[in-house]
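# Architecture and fold: a report
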Amino acid sequence: MSEQGSSQGNQYPPDPELSKTANARPEMKEQGLEEFWDEQAKQRIDWFEPYETVLDWQLPYAKWFVGGKLNACYNCVDRHVEGGKGDKVALHVVPDDGSDSADAHDITYAQLQRQVVKFANGLKKLGVGKGDAVGIYMQMIPDAVVAMLACARIGAPHTVVFGGFSGKAVDERCTDFGAKVLITQDEALRGGKAGAQKKNADDGLSADTTIEKIVVVKRTGGDVPMTDGRDVYYDDLVADLDDDPSSCPCEPMDAEDLLFLLYTSGSTGKPKGVVHTTGGYLTGVTTTTNLVFDVKDDSVYWCAADIGWITGHSYITYGPLANGLTSVLYEGVPGYPDKDVWWKIIEKYGVTILYTSPTAIRSHMKWGEQYAQSRDLSSIKILGSVGEPINPEAWEWYRKYVGGGSAPIMDTWWQTETGHILITPLPGITTLKPGMAQQPFPGVKPEIRDDEGNALGLNQPGNLVLTQPWPGMMRGLYKDDERYRDTYWSKYSDAYFAGDGAKYDDDGDIMLMGRIDDVTNVSGHRISTFEVESALVEHELVAEAAVAARRDPDTGQAIVAFVSLVGENQGDDELKQTLREHVATQIGKLARPAELIFAHDLPKTRSGKIMRRLLKNIAEGEELGDTTTLVDPSVVEVMQKQVNPT
Ligand code: WTA
């Protein structure tokens, strides 16, 4: 756990002008839970049929807006067109090679509607209907957003698998969900290079896969393997299909009907299928987008996340589009083709809101402020941060060089499981403190508790819990009630256990302090140590593996793997490289260990338990304390020498 901001540091009171015009009002925090959300749901969402009950809370399962009928796609697209905003730009599509390429184009809400209708008709042609699961394995191209909305339109729940994950990860998730159709693209274009996408999906298909059809959107036009009868190019699928909205009306969905599953890493076992439903989720993301980022009709919004993560679901697709915003959708990576590409995009489109991760900010910081300074960023009004605690230095840099020294930064804490932002400052209300998420969103009731369940006071680190439900909260883990209860509701019987450490500062502001379980956070991406260990032991030369995380100045945390090999094998640099690549192909590049350490055994107690605390200390290069309970203390020395070779 790293110490973040402190009440002794700088504080930035809200600009009085912003306080006057901000969407968020201080009185909202005084409203009752149901009163607040009822008002938001009525004001921000179009319901085909009104709900009867705001909240039905039977711990640990919540139902929100019970009896209401709505459609997420209707709220994100059709209602804006019907309301006369068809010509408004929904997406500024910025391709991999930056803003000036010929591939750059705008999609208006009316165009988006037609694209979604066509896609939805394509899915229907393949036999997909209400309640049928669909997998999506794509990069940051507009078709990915269109595909998600097309699923929502016909009531087919999607599961998006991050485009950088392996095909095996895709197959596991889609098969768990029972998806028969997978939507992917021919190739991925990232940092100027075309990489495999469709082929990865093919390579990962298992003998018992549920996937029967693969729809391939052309991005590069590259030559990719196509299996007759199973694979179809999107263009061919929809060639003779209608794009008139009346040809595919939005399916009325129950508020509690499944909108999507998103798989995320837990501390043990296979990835968890986090269940999100329609009415509560949409109300939660629409409201938080509006109030946290203080969006206006002329806002130009850019969330630089990936649709493969929850941030992309909530704050690229559903939240901004439900608010009828104009957004930037960027395919590329920071730093390509030039280190100023982000700032060029902000300048070109007049971006007013930027939402990104501390890791991205730290990359820009490392390259130097001259890139940001070479562009006109004066359009920026609000900044956001998500994914991991932001260190105060990065926060100050972000405000100074991207926010013109005055833009407020919303450090937003939330999770795949929470669906939307829960702890965050609010524009025009909160006096900001660098490095802290600070305050609960209206209706959210956090507490910090010790292991025995006592509520802690100021400056006492403990476990973050939430004692009241919120609309976008997960409705369980897919087909795994027991795991849902065990993971989130067993540590404390009356509250949601988030898995994060936190404390209140002197003023009662909340400071997040990192995960307290075996989930690492590399560049804001959740990776479980368990998954990396499982991948390593699948290799024939690996006897045992244990994984710890160490602090990293760029990526927040970095994965360090400790490996003992079979037989007399000592391991060498080549094998290290092989094993790192092995993890990358099994899970995805982001899980590739930064460091791999060989030893003849892992540090174990006499009862055979791996001492994980020690591994963490070794990875961090820290003092080890007592090692006398180990069966073989020499293991530790062997490991330490590799971490600190001097
Ligand atoms: C961490 C991402 C500190 C936290 C939306 C959480 C943060 C996990 C913050 C969820 C923040 C996210 N400050 N920590 N502002 N935002 N986290 O599911 O450990 O990918 O539990 O959702 O990221 O990661 P997930």
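Please read these numbers as outputs of a predicted model, since none were measured by experiment.

### Notes on the overall build of the chain
Within the chain, the secondary structure is distributed over 19 helices and 29 strands. For 646 residues, the compact-globule formula gives about 26 Å, and the C-alpha radius of gyration of the chain, at 24 Å, lands near that figure. Seen along its three principal axes, the alpha-carbon backbone of the chain occupies a region of about 75 × 65 × 55 Å. Here the chain holds 646 residues, and the buried ones make up 60% of them. If you take every contact in the chain between residues at least 6 apart in sequence, the share linking residues at least 24 apart comes to 71%. About 24,100 Å² of surface is accessible on the chain, with carbon and sulfur atoms providing 47% of the total. Both charge centroids of the chain, one from 63 positive and one from 96 negative side chains, sit 0 Å from each other.

### Some thoughts on the sheet that holds strand S24 (residues 510–515)
In space, the 4 strands of this open sheet follow the order S21-S22-S23-S24, with antiparallel pairing throughout. Looking along the sheet, the strands with just one partner apiece sit at the ends: strand S21 (446–449) and S24. Going from strand to strand, the sheet's axes swing by 45° on average, the running direction of each strand aside. Where strand S23 (residues 496–504) and S24 come together, 4 bridges link them in antiparallel fashion. Across the sheet, residue Asp500 finds its bridge partner in S24, namely Arg515.

### So, the layout of surface pockets
Reported here for the second largest pocket is a volume of approximately 460 Å³. In terms of lining residues, the second largest pocket is bounded by 28 residues, among which Leu18, Asp294, Lys381, Ile382 and Pro408 are the most central. With 3 residues, helix H1 (residues 16–21) is the single largest residue contributor to the lining of the second largest pocket. Looking at side-chain class alone, the lining of the second largest pocket contains 14 nonpolar, 7 polar and 7 charged residues.

### Structural notes on helix H11 (residues 341–349)
Burial within H11 is extensive, with 7 of its 9 residues counted as buried. Among all positions in H11, only Val341, Trp342, Trp343, Lys344, Ile345, Ile346 and Tyr349 are buried. The positive-phi residue at the C-terminal boundary of H11 is Gly350, with phi of around 65°.

### Description of empty space enclosed by the protein
Here the structure, examined in full by the defined rule, presents 2 cavities of 30 Å³ or more. Approximately 50 Å³ is the volume found for the largest cavity. Only helix H5 (142–154) and strand S14 (258–264) provide two or more residues apiece to the lining of the largest cavity. When grouped by side-chain class, the residues that make up the lining of the largest cavity number 8 nonpolar, 2 polar and no charged. Roughly 40 Å³ of internal volume is contained in the second largest cavity. Looking at side-chain class alone, the lining of the second largest cavity contains 5 nonpolar, 1 polar and 2 charged residues.

### Quick word on the site of the ligand
Looking at the ligand, there are 17 residues lining it, with Asp411, Thr412, Thr416, Asp500 and Arg515 nearest. Within the contact set of the ligand, a nitrogen atom lies 3.1 Å away from a backbone nitrogen or oxygen of Gly387. For the ligand, a nitrogen atom lies 3.5 Å from a polar atom in the backbone of Glu388. Notes on the ligand: free accessible area 530 Å², of which the protein chains cover 96%. For the shell around the ligand, the elements supplying multiple residues, two or more each, are helix H10 (310–322), strand S20 (409–412) and S24. Here the residues of the shell around the ligand sort into 6 nonpolar, 6 polar and 5 charged.

### Side note on the nonpolar core
Residues Leu112, Leu149, Ile183, Phe293, Tyr318 and Leu354 are the most contacted members of the largest nonpolar core, which totals 142 residues. Top element by residues in this core is H5. It accounts for 10 residues. The next biggest cluster of nonpolar side chains, apart from the first, holds 41 residues, and it includes Phe162, Tyr263, Val563 and Val583.

### A short note on the pairing of strand S4 (residues 89–94)
Of all 6 residues in S4, 6 are buried; the element is thus mostly enclosed. The pairing of S4 with strand S5 (residues 105–108) spans 4 bridges and is antiparallel. Directly across from Val89, in S5, lies its bridge partner Thr108. Pairing of S4 with strand S17 (residues 326–330) involves 4 bridges; the strand directions are parallel. Opposite Val94, over in S17, you have Tyr330 as the bridge partner.

### Digging into the UniProt feature "domain: AMP-binding enzyme C-terminal" (unreviewed entry) in the chain
Per the UniProt record, "domain: AMP-binding enzyme C-terminal" (unreviewed entry) is found at residues 531–609. Secondary structure content for residues 531–609 is 27% helix and 32% strand, and the end C-alpha separation is 18 Å.

### Focus: the state of the cysteines
In this structure the tally under the stated criterion is 0 disulfides. With no disulfide of its own, Cys73 has Cys250 as its nearest cysteine by sulfur position, at a separation of 4.6 Å. The exposure class assigned to Cys250 is buried, which follows from its relative accessible area of 12%.

### Quick notes on the packing of helix H9 (residues 279–292) against H10
Across the interface, H9 lies against H10 with an axial gap of 8 Å and an inter-helix angle of 85°. Here H9 is positioned roughly perpendicular relative to H10, judged by the angle of their axes. Every residue of H10 that contacts H9 at Tyr281, Leu282, Val285, Thr286, Thr288 and Thr289 is listed here: His313, Ser314, Tyr315, Tyr318, Gly319, Pro320 and Ala322. Residue classes in the contact of H9 with H10 are distributed as 7 nonpolar, 6 polar and no charged.

### A few points about the pairing of strand S28 (residues 556–565)
Working note: regular strand, side chains alternate between the two faces of the sheet. The buried fraction of S28 is high, at 9 of 10 residues. Bridge count between strand S27 (residues 542–552) and S28: 10 bridges; the pairing is antiparallel. Within S28, the residue paired with Ala546 across the bridge is Phe562. Between the end of S27 and the start of S28, which pair antiparallel, lie 3 residues. As defined by bridge partners, S28 adjoins strand S29 (residues 595–598) across 4 bridges and the pair is classed as parallel. Considered in S29, the bridge of Val560 is made with Glu595. Regarding topology, helix H17 (residues 573–586) serves as the crossover connection from S28 to the parallel S29, and that connection is right-handed.

Procedures and definitions
Residues numbered from 1 in each chain as written. Predicted model: local features only at pLDDT ≥ 70, side-chain atom pairs only at ≥ 80, totals over all residues. Heavy atoms only, no water. Helix = DSSP H or I, 4+ residues; strand = E, 2+ residues; numbered from the N terminus. Rg over C-alpha atoms; globule rule 2.2 N^0.38 Å. Buried < 20%, exposed > 50% of the residue type's maximum accessible area, 1.4 Å probe, protein only. Contact = heavy atoms within 4.5 Å. Areas by Shrake-Rupley, 256 points an atom, 1.4 Å probe, with all protein chains shown as cover. Lys, Arg positive; Asp, Glu negative; His and termini not counted. Charge placed at Lys NZ, Arg CZ, Asp CG, Glu CD. Pairing = 2+ DSSP bridges. Axes fitted to C-alpha atoms, helices over the stretch in contact; angles between N-to-C directions. 1 Å grid on protein atoms, 1.4 Å probe; cavity = no way out; pocket = protein on both sides within 12 Å on 5 of 7 lines; lining within 4 Å. Points joined across faces, edges and corners; volume = space filled by probe spheres on them. Nonpolar A, V, L, I, M, F, W, Y, C, P; charged D, E, K, R; others polar. Near = heavy atom within 4 Å. Polar contact = N/O pair within 3.5 Å; in protein donor to acceptor, adjacent residues only side chain to side chain. Core = buried A, V, L, I, M, F, W, Y, C linked by side-chain atoms within 4.5 Å. UniProt positions renumbered as here; feature names shortened; annotations may be inferred. Disulfide = S-S within 2.5 Å. Parallel < 35°, antiparallel > 145°, perpendicular 65-115°, else oblique. Right-handed = clockwise from strand over helix to strand, strands pointing away.

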